Amino acid sequence: MLTITQPAYERLSEMLSDRPEDVAVRIFLDEGRARIRPDRKRSGDKVLKHDGRTVLLFDKQAARHLDERTLGIRQTENGPRLRLQRV
C-alpha cells in the first residue's frame, strides 16, 4: 500500500491550490515509470484525500506499481518535488 508523508500531502495541496475542486494529481505509468499530472477522477480510481479535498488519484495498474512505496518530498534548487521511494 502507498504511504504518503505529511510534507507530500502539503505539497499536493499546494499544487492544487489554484485548480478547480474536481481536479487532483494523478499518478500514472508511462513506459513503466510513475509520472504525475493534474486530472479528474475516473471510474475505478483509488482516491486519497487531505483536509477534505481529493488530492491524489491512481488506477489499478498504478496501484500495483505503488505498493510498498512512500510518496515523499525531495528538496531541489527549484523547491520541493514529489518523490516515490521503495519502503
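Everything that follows concerns the structure shown earlier in this document.
Keep in mind it's a predicted model, so treat the numbers as computed, not measured.

A tally of regular secondary structure across the protein chain gives two helices and seven strands. Counted from the first residue to the last, the protein chain has its helices and strands arranged as β-α-β-β-β-β-α-β-β. In terms of overall dimensions, the protein chain is globule-like: its C-alpha atoms have a radius of gyration of 12 Å, near the 12 Å expected for 87 residues. Projected onto its principal axes, the C-alpha coordinates of the protein chain cover approximately 30 × 30 × 20 Å. In the protein chain, buried positions account for 33% of the 87 residues. Across the protein chain, the fraction of contacts at a sequence separation of at least 24, relative to all contacts at a separation of at least 6, is 48%. Accessible surface computed for the protein chain: about 6000 Å², of which carbon and sulfur atoms make up 42%. For the protein chain, the centre of its 19 positive side-chain charges and the centre of its 14 negative side-chain charges are spaced 4 Å apart.

A word on the layout of surface pockets. Space inside the largest pocket adds up to approximately 450 Å³. If you go around the largest pocket, you meet 17 residues; those closest to its centre are Ala34, Ile36, Leu82, Arg83 and Leu84. For the lining of the largest pocket, the elements supplying multiple residues, two or more each, are α1 (6-16), β3 (33-40), β6 (69-76) and β7 (79-86). Looking at which element gives the most residues to the lining of the largest pocket, the answer is β7, with five residues. A breakdown of the residues in the lining of the largest pocket according to their chemical character gives eight nonpolar, two polar and seven charged. Within this model, the second largest pocket holds a volume of roughly 180 Å³. Lining the second largest pocket we find Met1, Leu2, Thr3, Ile4, Tyr9, Lys46, Val47, Leu48, Phe58, Ala63, Leu66 and Asp67. Of all elements in the fold, only β1 (3-4), β4 (46-50) and α2 (60-66) reach the threshold of two or more residues within the lining of the second largest pocket. Here the element with the most residues in the lining of the second largest pocket is β4; it accounts for three residues.

Calculation rules
Residues numbered from 1 in each chain as written. Predicted model: local features only at pLDDT ≥ 70, side-chain atom pairs only at ≥ 80, totals over all residues. Heavy atoms only, no water. Helix = DSSP H or I, 4+ residues; strand = E, 2+ residues; numbered from the N terminus. Rg over C-alpha atoms; globule rule 2.2 N^0.38 Å. Buried < 20%, exposed > 50% of the residue type's maximum accessible area, 1.4 Å probe, protein only. Contact = heavy atoms within 4.5 Å. Areas by Shrake-Rupley, 256 points an atom, 1.4 Å probe, with all protein chains shown as cover. Lys, Arg positive; Asp, Glu negative; His and termini not counted. Charge placed at Lys NZ, Arg CZ, Asp CG, Glu CD. 1 Å grid on protein atoms, 1.4 Å probe; cavity = no way out; pocket = protein on both sides within 12 Å on 5 of 7 lines; lining within 4 Å. Points joined across faces, edges and corners; volume = space filled by probe spheres on them. Nonpolar A, V, L, I, M, F, W, Y, C, P; charged D, E, K, R; others polar.

Taken by themselves, the reported measurements are silent on function.
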